[in-house]
Amino acid sequence: MLDTIQDKIRIRTMASDDAAVLLKWMTDTRVLEFYEGRDKRYTPELIQEDFFEEDEEDGGNVIKVILEYDGKPIGYGQIYGITGEVYEEYGYENRNETVYGIDQFIGEPDYWNRGIGTEYLKLVLQFLLEEKQADAVIMDPHQDNARAIKCYQKTGFRIIKSLPEHELHEGAMRDCYLMEYRYQGR
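The model shown is predicted, which means the values in this text are computed figures rather than measured ones.

Quick rundown of the overall build of the chain? Include the residues and the values.
Check the secondary structure of the chain and you find 6 helices and 8 strands. In the chain, the succession of helices and strands from N to C terminus is β-β-α-α-α-β-β-α-β-α-β-α-β-β. Scaling as 2.2 N^0.38, a compact globule of 186 residues should have a C-alpha radius of gyration of about 16 Å, and the chain matches this with 16 Å. Taken along its principal axes, the extent of the C-alpha atoms in the chain is 40 × 40 × 35 Å. Taken over 186 residues, the chain has a buried fraction of 45%.

Talk me through the pairing of strand 8 (residues 172-182); I want residue IDs and the actual numbers.
The pairing of strand 6 (residues 136-139) with strand 8 spans 4 bridges and is classified as antiparallel. Note that in strand 8 the partner of Ala136 across the bridge is Arg182. Where strand 7 (residues 158-169) meets strand 8, 8 bridges bridge the pair, whose relative direction is antiparallel. Paired with Glu167 across the two strands is Arg174, which belongs to strand 8. Where strand 7 hands over to strand 8, the hairpin turn is made up of 2 residues, of which Glu170 adopts a positive phi near 55°.

Go over the pattern of salt bridges, please, and point to the residues and values.
What the rule picks out here adds up to 14 salt bridges. Where Lys40 meets Asp50, a salt bridge forms, and the shortest distance between an N and an O atom there is 3.1 Å. Placement of Lys40 in the loop between helix 2 (29-32) and helix 3 (44-52) and of Asp50 in helix 3 is noted, with a sequence separation of 10 residues between them. Of the residues examined, Asp50 reaches a relative accessible area of 30% and is grouped as partly exposed.

Can you break down the packing of helix 5 (residues 116-132) against helix 6 (residues 146-155) residue by residue, with the values?
Where helix 5 contacts helix 6, the axes come no closer than 9 Å and their chain directions differ by 45°. As judged from the angle between their axes, helix 5 and helix 6 are oblique. In the packing of helix 5 onto helix 6, the handedness of the crossing is right-handed. Residues Gly117, Thr118, Leu121, Lys122 and Leu125 of helix 5 form the contact with helix 6, whose own contacting residues are Cys151, Tyr152, Lys154 and Thr155. The residue makeup of the contact of helix 5 with helix 6, split by class, is 4 nonpolar, 3 polar and 2 charged.

Tell me what's going on with the environment of Glu93, and back it up with residues and numbers.
Checked against the element boundaries, Glu93 lands in the loop between helix 4 (84-90) and strand 5 (99-106). The class for Glu93 is exposed, based on a relative accessible area of 78%. Separated by 73 residues in sequence, Glu93 and His166 have C-alpha atoms that sit 20 Å apart.

Go over the pairing of strand 6, please, and point to the residues and values.
Of the two faces of strand 6, the one holding Ala136 and Ile138 and the one holding Val137 and Met139 are both buried throughout. For strand 5 and strand 6, the ladder comprises 3 bridges, and the chain directions are parallel. If you follow Tyr100 over to strand 6, its bridge partner there is Val137. You can see the chain leave strand 5, run along helix 5 and come back into strand 6, and the turn it takes is right-handed.

How each quantity is defined
Residues numbered from 1 in each chain as written. Predicted model: local features only at pLDDT ≥ 70, side-chain atom pairs only at ≥ 80, totals over all residues. Heavy atoms only, no water. Helix = DSSP H or I, 4+ residues; strand = E, 2+ residues; numbered from the N terminus. Rg over C-alpha atoms; globule rule 2.2 N^0.38 Å. Buried < 20%, exposed > 50% of the residue type's maximum accessible area, 1.4 Å probe, protein only. Pairing = 2+ DSSP bridges. Salt bridge = Lys/Arg side-chain N within 4 Å of Asp/Glu carboxyl O. Axes fitted to C-alpha atoms, helices over the stretch in contact; angles between N-to-C directions. Parallel < 35°, antiparallel > 145°, perpendicular 65-115°, else oblique. Left-handed = near helix turned anticlockwise from the far one by under 90°. Contact = heavy atoms within 4.5 Å. Nonpolar A, V, L, I, M, F, W, Y, C, P; charged D, E, K, R; others polar. Right-handed = clockwise from strand over helix to strand, strands pointing away.

As structure tokens, then:
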């Protein structure tokens with residue numbers, strides 16, 4: 001279970017009563033523009049399926065979290081260990097490394113552009129180093145998501161390579177970047 005607080009930011013393991021706020025976020029076109037796509041229609045049932053049911057492929061390997069600011073839920077994240085085929089997909093040759101992937105979004109647009117995402121990532125990176133002994137953390141944002149890329153770079157992520165036509169988003173294959181945070185000395 002993850003529960004860490006720093007100043008006004010708290011990251012905690014997602015709970016079943018978070019379904020309502022997830023539905024609010026996943027029906028906001030401003031959020032969907034960057035996460036999942038505006039063409040995806042979320043219902044309470046789809047929220048349960050996508051966010052709460054364990055995916056057989058991940059084998060329970062995903063930590064799903066809620067980001068709170070000053071006690072208010074404002075975002076979602078997922079943290080997962082990288083395994084075999086993803087190592088190959090991203091071109092990682094050293095399978096002895098402990099590499100984690102992360103995905104996240106701030107679901108309350110009033111909290112965008114306030115540095116909260118950067119502080120959230122710092123807490124996640126600290127958690128992964130201390131609790132999971134990670135060597136590196138990766139993510140794959142869309143190349144046209146300049147705000148997210150700038151946030152990730154401020155946190156110490158760097159672009160490793162381009163991933164052409166990597167993700168289906170709003171009916172088209174989108175180019176992404178593979179971004180990596182590498183812990184010093186690892």
